[in-house]
Amino acid sequence: MRSVRRLSAAVTAGLLAITLASCAESARDSGAAQGGGAGATGGTLVFGAPGAPDNFDPAFAQDGETFRPARQMYDTLITYKLGTSELAPALATEWTPNADFTQWTFKLREGVTFHDGTPFNAEAVCFNFDRWYNLKGAPAQTQAYYYGAVFEGFAQNETEAGLPPVYKSCAAPDPNTAVLSLNKAKGAFPAAFGLTSLSISSPTALKQYDADKVEQSGEAFTYGAYATDHPTGTGPFKFESYDRTANVITLVRNDSYWGEKAKVDKLIFKIIPDENARKQELQAGTIDGYDYPNAADWESLRTEGYNVLVRPVFNILYLGINQKNNPALKDLRVRQAIAYATDRESLVRNQLPEGAVVASQFIPDTVDGYAPDLQPLPYDPDRAKQLLAEAGQSNLTVNFYYPTEVTRPYMPNPTNIFTALAENLRAVGITVNPVPQPWNGGYLDSVQATGAQDLHLLGWTGDYNDAGNFIGTFFGTGKPEFGLTDPALFAEVGAADAVVDPAGHAAAYEQVNRDLMTKYLPAVPISSSPPALVVRDNITGLIPSPLTDERFLTVSKG
Amino acid sequence: MLRFVVRRLLQVVPTLLLLSLLVFAWLRSLPGGPAAAFLGDRATPERIAEYNRLIGLDQPLYVQYGKFLARVATGDFGTSTKTSQPVLAEIGRAMPATVELSIAALLIAVLLGIPLGYLAAQQRGRPLDVATIIGTLVGVAVPVFFLGYLLKAVFAVQLGWFPPSGRQAVSIDATDVTGFAVLDGLLTREWDASLDALSHLVLPAVALATIPLAVIVRITRASVLDVLDSDFVRTANSKGLTPGVIRTRHVLRNALLPVSTTIGLQVGLLLGGAVLTEKVFNWGGIGTLLADAITEKDYPRLQALLLLGALVYVLVNLLVDLSYAIIDPRVRLS
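Residues numbered from 1 in each chain as written. Chains lettered and ligands numbered in written order. Predicted model: local features only at pLDDT ≥ 70, side-chain atom pairs only at ≥ 80, totals over all residues.

> Is there a simple way to think about the overall build of chain B in this case?
Check the secondary structure of chain B and you find 13 helices and 0 strands. Helices and strands in chain B line up, N terminus first, as α-α-α-α-α-α-α-α-α-α-α-α-α. Judged by the C-alpha coordinates and their principal axes, chain B covers about 85 × 60 × 40 Å. Across the 334 residues that make up chain B, the buried fraction comes to 40%. (Helix = DSSP H or I, 4+ residues; strand = E, 2+ residues; numbered from the N terminus. Buried ≥ 20, exposed ≤ 12 C-beta atoms within 10 Å, placed from the backbone.)

Okay, structure coming up:
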């Protein structure tokens, strides 16, 4: 009896398996080559990315992980020369301002098509600018951060941050000429035209897939199908899929690309948040490279035969000083004492990665407006003590806030940096009360919104080559972070930003940098640190960019 | 019986309501929030305030809670603040990964644990027994994340026997049927996909299996020793039964009763342990969702995961109570 039962159970299980198997069919395209190995021209490149993109519509992109795939699928009117922050032609072959910089005329590249086969032309350019300008609803306007930051406002501002719009109109006198008119000149142009967020999308796809449909849903925002599944640009790679379960984004080569075609057939971004896991995947050979290797691993990775590609620096770390929270810090001599007390040479040498440099001002030397004559304030503890004594602050006590649970390219290990700087300050008689707070657990609120700190660590990675993108962000207006009330400083920054011819703009910011370091010293610039990428030795052509704007079309796999 | 079930089910409602209130209040009492996480480096106080205003986080807590309850009542657990995907759909997609990993770990733990425990008991005091005891102590003591990294360093990086992380190689164009990668390959006859998924499963399953394996070995060993000392085994011996018959029919069968209870308890622990294992192996299951949601302060996803977890727990408890009554008629359901 028992064996009969077992037999019937086995038969039932077998029948069930056969039934299930007959319901399931392989969805593989039997004619297609299975990925992985070298394809007809270049195989598949798998790159480990530390985070997932928010979406695929560059207009709503706000962070590096969202920019990374977008940069492969889209083009901007102007781009940056590979490996630099210098401007270079992209969809526009020429760009010319009028006399007062309120109108920009773009000569467009001919023979370019979007991934959906529709033509790229001046009408498409104007469609994109008009789309951004006319975005409706606070959710969409909030998500279009970079458009809002550069063009300041929308046709109908629906957020509290909205200002009178800089954008006026766009005209297409002929298919290959787009004329952009502005309500006011801005020094950020033309560099800002290279921002990934201002990439040109296919008007047909934008309309077809509800690109502007950004809605609030409970405690989140949702996007139209364009942003989630149908990004359509003119770039060297086309979107194929985003497997949200496996965390894999797959792009394929655009064989109709207007420029030099991508060398690999397929480009895969595998999202691996844990840095150690990315390293082990590289070592196991399951990925070809990854972003942001830990600086402590650079040397060992090189020894193992991998290529560590160090980016040119394009960020700044500063020791913030809040003059409002601690009246003693209003005295310039006290702030200078803090600067003289910090041994930044040692900090850079001992705590920061190879390629890091001591900052002499609030922008790195890769940004126009850098004053080459400015030297870093020297490490001089005796001078620091003397200045503190002169200011009557020999027994100064400060609350020093620093973030935990975070690394940033400009700040690879905040706790170590804090420890070194606090030690410097204690050595000149300053009492330091350490206040560690999790980055996303109150730190930003404390130092930026509340201004609860006397000293703090923070920094900035630039978006494009404009000194205003750094200095305007820090000191353009009064903020709780620094507790500044000096209208002369705000006026000087505002005046520099208003100079629109590139040479004058840079010269004005050079002067601002000098004055910041000598007259105001609202914070202490510490250092600029380069983040890196790492690839296997058979990967060539990946050019590290100061803007983290790496393009994979030049990459080949040997 | 029916009255008991209905009454217990009705008790679930206030239990979950209380839990939802606790989860809701706890999340919002934490410093930081989804806005700062979402906006990253560009999170200025003004932008955070604007973001919070738009998604209603600036409203009084009771208003937020009321809206949350209203949505949950319609089966809408909200949308992830990070991925903009409905959280229930995300959980549905991730669930097979976690279940697959847990089943694999449990299989390893049971198939290795029971024979090892039995052998250790049979050879009490001998080297194999001592080695097993030491091994199980180490198994319980080693943190899962450390073991995970160690396994990857040796078997993925050094030896190259298994892939270091993920569920399937990116080059495998597998057809998704049930979400269980190994099973899908079998169903669709994509044998390479199934084998690849299996090879990805080995290291995380071993890492996750360590603690339950150690527990099962120790319980089996203790239980077998207990049974070996019992009168009926002596009687069986004196009757002249062969050692093989005594082992299988009498010792093992009786010793396995407490072991099966332990295995049941380990299932719940496995799901908990999967959080760390999934993080280390970039597994993409419920554990990964939970870990990411904590980092991103993703309120909707965290609320859904914690509440659904609590619901499962409450329902399993109810089933256990019912099963006692069925197995042992002396237990009265009242």
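> Can you help me understand the overall build of chain A in this one?
Scanning chain A from N- to C-terminus turns up 17 helices and 23 strands. Expressed along its principal axes, the backbone C-alpha trace of chain A runs to roughly 95 × 75 × 45 Å. With 558 residues in all, chain A has 52% of them scored as buried. Excluding contacts between residues fewer than 6 apart, the proportion of contacts in chain A whose partners are at least 24 apart in sequence is 69%. (Contact = placed C-beta atoms within 7 Å.)

> Explain the interface of chain B and chain A to me, please; I cannot follow it from the model alone.
When the parts of a complex come together, some accessible area is lost, and that lost area is often used as the size of the interface. Of the residues lining the interface, 58 residues belong to chain B; the matching set on chain A comes to 56 residues. Elements with a minimum of two residues in the side of chain B that touches chain A: helix H2 (34-39), helix H3 (45-54), helix H5 (87-122), helix H7 (144-158) and helix H13 (299-327) of chain B. Residue classes in the side of chain B that touches chain A are distributed as 25 nonpolar, 20 polar and 13 charged. (Nonpolar A, V, L, I, M, F, W, Y, C, P; charged D, E, K, R; others polar.)

> How should the pairing of strand E10 (residues 237-243) of chain A be read in this particular structure?
Two faces, one strand: in a regular strand the side chains alternate between the faces of the sheet. Residues and elements named next belong to chain A. In this sheet, strand E11 (residues 248-253) lies alongside E10 in antiparallel orientation, the contact comprising 6 bridges. Within E11, the position partnered with Asp243 by the bridge is Val248. In textbook terms, the turn of a hairpin is the stretch between consecutive antiparallel strands, and for E10 and E11 this stretch comprises 4 residues, one of which, Asn247, has a positive phi near 60°. (Pairing = 2+ DSSP bridges.)

> Help me understand the sheet that holds E11(A) in this model?
By way of backbone hydrogen bonds, the strands of a sheet pair with one another, either parallel or antiparallel. All names here are of chain A. Ordered by their spatial adjacency, 7 strands build an open sheet running E10-E11-E12-E1-E13-E21-E14, and the pairing between neighbours is mixed. Each of the sheet's edge strands pairs with one partner strand only, and the pair in question is E10 and strand E14 (307-310). The average undirected angle you get between the axes of adjacent strands in this sheet is 20°. Alignment of strand E1 (residues 44-49) against strand E12 (residues 266-271), held across 6 bridges, turns out to be parallel. Bridging across to E12, Gly48 finds its partner in Lys270. (Axes fitted to C-alpha atoms, helices over the stretch in contact; angles between N-to-C directions.)

> Help me out: how do you make sense of the sheet that holds strand E19 (residues 455-461) of chain A in this one?
Residue and element names in this part refer to chain A. With respect to topology, 6 strands assemble into an open sheet ordered E16-E20-E15-E19-E17-E18, the strand pairing being mixed. Each edge of the sheet is formed by a strand with only one pairing partner; in this case those strands are strand E16 (357-358) and strand E18 (431-438). As defined by bridge partners, strand E15 (residues 315-321) adjoins E19 across 7 bridges and the pair is classed as antiparallel. Looking at the pairing, Leu319 lines up with Leu457 of E19.

> Is there a simple way to think about the environment of Leu208(B) in this case?
All names here are of chain B. Examined against the element boundaries, Leu208 turns out to sit in helix H9 (residues 191-228). Look at Leu208 and you get buried, because 32 C-beta atoms sit within 10 Å. When the C-alpha positions of Leu208 and Thr175 are compared, they lie 27 Å apart, and in sequence the two are 33 residues distant. Leu208 has contacts with Leu101, Ala105, Val144, Leu270, Gly273, Ala274 and Thr277, leaving out every residue within four places of it along the chain.

> I keep staring at H3(B) and nothing clicks. Help me out?
Among the residues making up H3(B), those that are buried are Arg47(B), Ile48(B), Glu50(B), Tyr51(B) and Leu54(B). With its buried residues spanning 165° around the axis, H3(B) presents them on a single face. Buried residues in H3(B) make contact with helix H4 (138-143) and strand E8 (215-217) of chain A together with H2 of chain B. Following H3(B) by one or two positions, Gly56(B) adopts a phi angle in the positive range, close to 85°. (Arc of directions from axis to C-beta.)

> Could you clarify how one ought to interpret the confidence of the model for chain A in this entry?
For residues with low pLDDT, the predicted coordinates do not support detailed interpretation. When pLDDT is averaged across chain A, the result is 90; 93% of the residues are at 70 or more. The low-confidence segment residues 30-40 of chain A, where pLDDT is below 50, has 14 contacts with residues more than four positions distant or belonging to other chains. (pLDDT = per-residue confidence, 0-100.)

> Hey, could you run me through the pairing of E11(A) in this one?
All names here are of chain A. Most of E11 sits inside the fold, with 5 of its 6 residues counted as buried. Here E11 runs beside E12; their pairing, made up of 5 bridges, is antiparallel. By the bridge assignment for E12, Leu251 is matched with Leu267.

> Would you mind showing me how to read the confidence of the model for chain B here?
Averaged over every residue, the pLDDT of chain B is 85; residues scoring 70 or more account for 97%. The ipTM value of the predicted complex is 0.83, and its pTM value is 0.86.

> Which parts of the structure should I look at to understand the packing of H5(B) against helix H12 (residues 286-296) of chain B?
Packed helices, taken two at a time, are described by the angle their axes make and the gap between the axes. Residues and elements named next belong to chain B. Running from N to C, H5 and H12 point in directions that differ by 125°, and their axes come no closer than 7 Å. When the axis of H5 is compared with that of H12, the two are oblique. Contacts between H5 and H12 involve Glu90, Ile91, Ala94, Met95 and Thr98 from the first element and Ile286, Gly287, Thr288 and Leu289 from the second. Here the residues of the contact of H5 with H12 are counted per class, giving 5 nonpolar, 3 polar and 1 charged. (Parallel < 35°, antiparallel > 145°, perpendicular 65-115°, else oblique.)

> Just to check I follow, could you spell out unusual backbone geometry for this structure?
Peptide bonds are, in most cases, trans, and in most cases residues other than glycine have a negative phi. Residues and elements named next belong to chain A. Between Phe189 and Pro190 the backbone carries a cis peptide bond, its omega angle lying at 5°. One non-glycine residue with positive phi stands out, namely Tyr292, at about 55°. Phi at Leu521 is positive, roughly 40°, even though this residue is not glycine. Inspection of the secondary structure puts Leu521 in the loop between helix H17 (502-520) and strand E20 (523-528).

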